[in-house]
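# Structural characterization, general
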Amino acid sequence: MAFRDLRDYLAALDREGEVQHIEEEVDWDLEVGAVIRRSYDLRAAAPLFENITGYPVGYRIFGAPAGLSRPGREYARIALALGMGPETGVGALIEEYIRRKKSPINPIIVANGPCKENILMGDKVDLLKLPVPLLHDGDGGRYIGTWHLVVTRDPDTGWTNWGMYRLMVHDATSMGGLVAPSQHIGMMYYQKYEARNQPMPFAVVIGTEPLSSLVAATYLPTGVNEADITGGLRGEPLELVKCETVDLEVPAAAEIVIEGEMLPYERRDEGPFGEYTGYRSAHAGSPKPVYRVKAITHRNDPIMPVSCMGVPVDDAHATMSVTVAGELLDDLRCRGFPVRMVALPPQCAQSMAVVSTRTPYPYFAKKVAHAIWASQAGAVLYWVMVVDEDVDATNLDEVLHAVVTRCHPDRGVHKVPNAPIYPNLSTFTDPDDRLAGRGACCLLDATWPKHWHPEDTPVKASFTVMWPREIQDLVLRKWEKYGYKGGIS
Ligand SMILES: Cc1cc2nc3c(=O)[nH]c(=O)nc-3n(C[C@H](O)[C@H](O)[C@H](O)COP(=O)(O)O)c2cc1C
């Protein structure tokens, strides 16, 4: 049975010790952000703030909604969201993501839902009635959208897109955020609505059952309805309800829905913000489109999920290392690449993909890397490492060992200059290049060269390779007799 709403999911996390209820008063002004950040650093339970300075009791913030958990169950929050055991490893989650998303399930439209318990319009609209945190010192404002979905519709095809695009509060009735031209929201806004001088209706949905936000944060092809993919991952349809003031539908059991329009050619400074790169990468805000709010609907005692992005590993890094890695793996397999696994190590801030593969012919790794860079996610995957299939791509220890022992420091490095990047998000570029969107990417080919004779290839000195099978079996059988506990699987 899929989770009906965020509250159902929180109860499941609670049963697994994944929630820290915080009854102590906590200030939305930097304190909430600092607690969330420290919870990532310690791989502690997700903080549920139940007493926020200046806000009614009952209004809550749920921090670190997809943050990594303690060793041995790092991906517990994502695994539980998928109804899987908390100890499920990232490789198994990736394979299950691919399996389920291939059977999408259309949502159903219902007449009403919990998100309509309070309907605020006209002069009742005030975004700061919600406990919106100032997350990092130096942020351009209080961020209301850090773990949510933005719903927009293509005016030509009727396709509905969900994406997670950060949102800062400007004032009681307007918000701003990064609307990148290469993201689906940017394509709709700049190329369609603004080009026709029309306002773009939007709905921002905060606090859903857990899979909707994971899917919104995943690069899915143009024309794919994220609601259908969410249904596929849930194994049952999502219930959607119509908005009050715009022609869009939203998850009926959502905690908070913000409706409105983005007017053409309107800009207001937004940012800076502590980014997923692990840095505040701009000194000041910059002009971005404005979300003008017409209505807010919310459940009684709403719960607002909040991600406090920054140095890895936060919710974005953890999520994308499952869903975006799954998209890339599926795409490569569909194109006939004999890949075993694609990993986006969460420690690498979504900037590196590792692909383990069979190499059918010399220099195959270059083809793999260019296929990755050609994908939508490839725009920020500056580093691609290709390793042989005997290397577990999800195990950073194995990957680093393979790179330093198999990648030739000259022939194994393939640099691509002038690759397009998002301004400000590739921290290593010169300031001028950053603004011009001019970056670079690099392949580290850590596969043994195909043209070597087999006897020229060094043999791995590992337990499973350097000892005969019968000795391995003997040692595993006797492992506990030696006095060890566990470690026999
Ligand atoms: C917490 C979080 C915040 C994000 N913020 C932004 C953002 O401000 N702008 C953006 O373009 N992408 C952002 N992303 C990444 C997008 O959600 C992701 O690329 C998604 O695929 C966008 O949807 P689309 O493919 O339909 O455009 C964020 C992701 C996460 C997890």
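Attention here is on the structure that accompanies the text. None of these values were measured; they are calculated from a predicted model.

### What to know about the sheet that holds strand S21 (residues 438-446)
Adjacent strands of a sheet form backbone hydrogen bonds with each other and so pair up, either parallel or antiparallel. Across the sheet, which stays open at both edges, the five strands sit in the order S17-S18-S19-S21-S20 with mixed pairing between neighbours. Among the strands making up the open sheet, the edge pair consists of strand S17 (339-343) and strand S20 (413-420). Strand-to-strand twist of the sheet, defined as the mean angle between neighbouring strand axes without regard to direction, takes the value 15°. One ladder, built from seven bridges, connects S20 with S21; its direction is antiparallel. Among the inter-strand pairings, Ala419 is bridged to a residue of S21, identified as Gly439. Against the sheet, helix H8 (residues 315-334) makes contact with S17 and strand S18 (352-357), and its axis sits at roughly 155° relative to S17, the strand it touches most.

### Section: the pairing of strand S9 (residues 167-171)
Working note: regular strand, side chains alternate between the two faces of the sheet. Burial analysis of S9 places four of its five residues in the buried class, the great majority of the element. Two strands pair when backbone bridges link them, and strand S6 (residues 143-145) and S9 are joined in this way by two bridges, in the antiparallel orientation. Across the sheet, Gly145 pairs through a bridge with Leu167, a residue of S9. In this sheet, strand S10 (residues 174-176) lies alongside S9 in antiparallel orientation, the contact comprising three bridges. Opposite Met168, over in S10, you have Gly176 as the bridge partner.

### Some points on the site of the ligand
Around the ligand, the structure places 20 residues, and the nearest of them are Asn161, Met164, Tyr165, Arg166 and His184. Between the ligand and the protein, one listed contact pairs an oxygen atom with a side-chain N or O atom of His184 at 2.8 Å. A distance of 3.2 Å is found between an oxygen atom of the ligand and a backbone nitrogen or oxygen belonging to Tyr219. Contact with the protein chains covers 94% of the free accessible surface of the ligand, which is 620 Å². Of all the secondary structure elements, the ones that give two or more residues to the shell around the ligand are strand S8 (160-163) and H8. By residue number, the principal contributor to the shell around the ligand is S8, which donates three residues. Taken together, the residues of the shell around the ligand break down into eleven nonpolar, seven polar and two charged.

### Some points on the pairing of strand S16 (residues 303-306)
What you see with S16 is no split at all: Ile303 and Pro305 on one side and Met304 and Val306 on the other are buried throughout. Across four bridges, the pairing between strand S3 (residues 60-63) and S16 is parallel. By the bridge assignment, Ile61 is partnered in S16 with Met304.

### So, the packing of helix H4 (residues 90-101) against helix H7 (residues 226-234)
Where H4 meets H7, the closest approach of the two axes is 8 Å, and the angle between their N-to-C directions is 115°. Crossing angle aside, the handedness with which H4 passes H7 is right-handed. Across the interface between the two elements, Tyr97, Arg100 and Lys101 of H4 pack against Ile229, Gly232 and Leu233 of H7. Residues belonging to the contact of H4 with H7 are distributed by class as follows: three nonpolar, one polar and two charged.

### Brief notes about the packing of aromatic side chains
Using the criterion set out here, one finds ten aromatic pairs in the structure. Considering the side-chain rings of Phe3 and Tyr9, the 5.4 Å spacing of their centres and the 65° angle between planes classify their relative orientation as edge-to-face. Tyr9 matches Phe3 in its accessibility class, with the two residues each being buried. Look at Phe202 and Tyr291: their rings are 5.0 Å apart centre to centre, the planes differ by 75°, and that puts the pair in the edge-to-face class. Separated by 89 residues along the polypeptide, Phe202 in strand S11 (residues 200-206) and Tyr291 in strand S15 (residues 286-298) bring together distant segments of the chain. Each member of the pair, Phe202 as well as Tyr291, is classed as buried. Grouped by ring-pair contacts, the aromatic residues Phe337, Tyr361 and Phe364 constitute a single cluster. Over the ring of Trp28 we find Arg142, and its NZ or CZ is 3.4 Å from the ring centre.

About the thresholds
Residues numbered from 1 in each chain as written. Predicted model: local features only at pLDDT ≥ 70, side-chain atom pairs only at ≥ 80, totals over all residues. Heavy atoms only, no water. Pairing = 2+ DSSP bridges. Helix = DSSP H or I, 4+ residues; strand = E, 2+ residues; numbered from the N terminus. Axes fitted to C-alpha atoms, helices over the stretch in contact; angles between N-to-C directions. Contact = heavy atoms within 4.5 Å. Buried < 20%, exposed > 50% of the residue type's maximum accessible area, 1.4 Å probe, protein only. Near = heavy atom within 4 Å. Polar contact = N/O pair within 3.5 Å; in protein donor to acceptor, adjacent residues only side chain to side chain. Areas by Shrake-Rupley, 256 points an atom, 1.4 Å probe, with all protein chains shown as cover. Nonpolar A, V, L, I, M, F, W, Y, C, P; charged D, E, K, R; others polar. Left-handed = near helix turned anticlockwise from the far one by under 90°. Phe/Tyr/Trp six-rings, centres within 6.5 Å; stacked < 30°, edge-to-face > 60°. Lys NZ or Arg CZ within 6 Å of the ring centre and 35° of its normal.

Scope: geometric values only; no functional claims are made or implied.
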